[in-house]
Each structure stands twice: as C-alpha cells, then as structure tokens.
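# Coordinate analysis (summary)
Listed here are the chains, written in short residue letters.
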Amino acid sequence: MKNRKIVVASSGASGVNLGIKILKLLPQDIEKHFIMTQHAEVVLDKELHITLHENENIASSIASGSFGVDAMIIAPCSMNTLAKIACGIADNLVTRCASVIIKERKQLILAPREMPFSAIALENMHKLSMLGVIIAPPVMAYYSNQQTLDDMENFIIGKWFDLLKIENKLYQRWE
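Keep in mind it's a predicted model, so treat the numbers as computed, not measured.

What follows covers the packing of helix H1 (residues 16-25) against helix H5 (residues 149-163). When two helices pack together, their arrangement is given by the angle between the helix axes and the distance between those axes. Where H1 meets H5, the closest approach of the two axes is 10 Å, and the angle between their N-to-C directions is 65 degrees. Comparing their axes, H5 and H1 come out roughly perpendicular. Note on packing geometry: the crossing formed by H1 with H5 is right-handed. Each of Asn17, Leu18, Lys21, Ile22 and Leu25 in H1 lies in contact with H5, whose residues at this interface are Asp150, Glu153, Asn154, Ile157, Trp160 and Phe161. Residue composition of the contact of H1 with H5, by class: six nonpolar, two polar and three charged.

Set out below in structure tokens:
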C-alpha cells in the first residue's frame, strides 16, 4: 500500500503555529506537503521531512489531480481563502490545490479561525459543506481536561486527525 499524501496549508497570520504543529505530529509514514500564503519566514526543520511549496507556484506537483494527494487541511483558514475556494477562485497554490481536492472528491478540511462568523462566511461554509468539504474550526472541548495551551492545541489537532482517520492519542477521549 502506498504512503498517504497530505497537504497542510496555512492562510492568515493568526494560528499558523497550528499548521506547523500538525506537520510535526503527522506520522512519519505520511508524505507531507506544506504551503503558506505568505513567504515562509520559518525555517522548517529538515527532520520533519516536509516539502515546502511556494504559494505563487500553481504549477507545483500538488496542484495536479494526477499527483494523487489524498487529503488537505487548511489550518488556519482565513475567510479570504475560504471565500475564494467557495467561489472556485484558484489564484494561488492553496486555492488551486483545494479546487483539485474538491474536483477529485478527496477529503478537504477547512479550519476557519475568525469569530464571530458573518452571514457571508456562514453561507460560504454551507456551500462548501454541501460539496463535502469538512468545516472544522479550532474549537476546544472541556471534557478532555486541557490544562495548557499545548493541551488545547493537541485536542484540536487530535480531532482533525480523527477526521483524517489518523490514529492518535493527542487528547483524552470521552469516557
């Protein structure tokens, strides 16, 4: 069986650490690809085995359905990126890759980070949800006894991994 290929993208400035943490926590047997909407200022540790793609390069391998990406998560997902995806605008690698994921009927998870949600944002989320896109904002729960910010992030990422069917023990499950 081939290794799964997962694209992690981060749009918007607030919460980019969640995208990077997802990459660090993904199992080693998953082929990881990373996109940032702004020029990457963070040097990614070579030990993470991450392929960094320039957001301006819409000819990148992951922008093609034939490359075989299995899933994509955009965390955080700005309302700008969400709106572009909802309207079919593929003007950068993040939105192009999301468009291909939808076209190929693969799993796309969007983690919108702003609140409260405007009626326009909710309409865009509804439209995408009707296309099979999973809308999963970074929302914590209280049953898992988070004590630190790291615990809260692990809970949220653990829930995203659950959606991706990636086994994890990142949070205390409901008993």
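On to the packing of aromatic side chains, then. Counted under the stated rule, the structure contains three aromatic pairs. Between Tyr143 and Trp174, the ring centres sit 5.2 Å apart and the planes meet at 85 degrees, which makes this aromatic pair edge-to-face. Of this pair, Tyr143 sits in the loop between strand S6 (134-135) and H5 while Trp174 sits in the segment after H5; the two residues are 31 residues apart in sequence, bridging distant segments of the chain. When its relative accessible area of 67% is taken as the criterion, Trp174 is described as exposed. Taking 5.0 Å as the distance between ring centres and 80 degrees as the angle between the ring planes, the aromatic pair formed by Phe155 and Tyr171 counts as edge-to-face. Residue Phe155 is located in helix H5, and its partner Tyr171 is located in the segment after H5; the two are separated by 16 residues in the primary sequence. When its relative accessible area of 2% is taken as the criterion, Phe155 is described as buried. One residue, Lys5, lies across the ring of Phe67, its end atom 4.0 Å from the ring centre.

To continue, consider the pattern of salt bridges. Where charged atoms from two side chains of opposite charge come close, those side chains can pair. Going through the model one piece at a time under the given rule, you end up with six salt bridges. Residue Lys103 pairs with Glu104 through a salt bridge whose shortest N-O separation is 2.5 Å. A salt bridge links Arg173 to Asp162, with the shortest nitrogen-to-oxygen separation between them at 3.0 Å. Taken together, the positions of Arg173 in the segment after H5 and Asp162 in helix H5 put the pair 11 residues apart, joining distant regions of the chain.

Here we come to helix H4 (residues 119-130). Spanning 12 residues, H4 covers 16 Å between terminal C-alpha atoms, matching the ideal 16 Å at 1.5 Å per step. All of the buried residues along H4 are Ala121, Asn124, Met125 and Leu128. One side of H4 carries all its buried residues, which in axial view fall inside an arc of 100 degrees. The exposed residues of H4 that point more than 90 degrees off its buried face are Ala119, Glu123, His126 and Met130. Packed against the buried residues of H4 are helix H2 (79-86), helix H3 (93-103), strand S5 (107-112) and S6. Just beyond H4, the residue with positive phi is Gly132, at close to 100 degrees.

On a regular strand, each side chain points to the face opposite its neighbour's, so the side chains alternate between the two faces of the sheet. In terms of residue burial, strand S4 (residues 71-77) counts as a mostly covered element, since seven of its seven residues are buried. Note: strand S1 (residues 5-10) against S4, four bridges, orientation parallel. Residue Val8 lies in a different strand from S4, and its bridge partner there is Ile73.

In this structure, Ala141 sits in the loop between S6 and H5. Taking relative accessible area as the criterion, Ala141 reaches 16% and is therefore assigned buried. When the C-alpha positions of Ala141 and Phe67 are compared, they lie 36 Å apart, and in sequence the two are 74 residues distant. When residues no more than four places from it in sequence are discounted, the contact partners of Ala141 are Gln146 and Phe155.

Reading guide: rules and limits
Residues numbered from 1 in each chain as written. Predicted model: local features only at pLDDT ≥ 70, side-chain atom pairs only at ≥ 80, totals over all residues. Heavy atoms only, no water. Axes fitted to C-alpha atoms, helices over the stretch in contact; angles between N-to-C directions. Helix = DSSP H or I, 4+ residues; strand = E, 2+ residues; numbered from the N terminus. Parallel < 35°, antiparallel > 145°, perpendicular 65-115°, else oblique. Left-handed = near helix turned anticlockwise from the far one by under 90°. Contact = heavy atoms within 4.5 Å. Nonpolar A, V, L, I, M, F, W, Y, C, P; charged D, E, K, R; others polar. Phe/Tyr/Trp six-rings, centres within 6.5 Å; stacked < 30°, edge-to-face > 60°. Buried < 20%, exposed > 50% of the residue type's maximum accessible area, 1.4 Å probe, protein only. Lys NZ or Arg CZ within 6 Å of the ring centre and 35° of its normal. Salt bridge = Lys/Arg side-chain N within 4 Å of Asp/Glu carboxyl O. Expected span 1.5 Å × (residues − 1). Arc of directions from axis to C-beta. Pairing = 2+ DSSP bridges.

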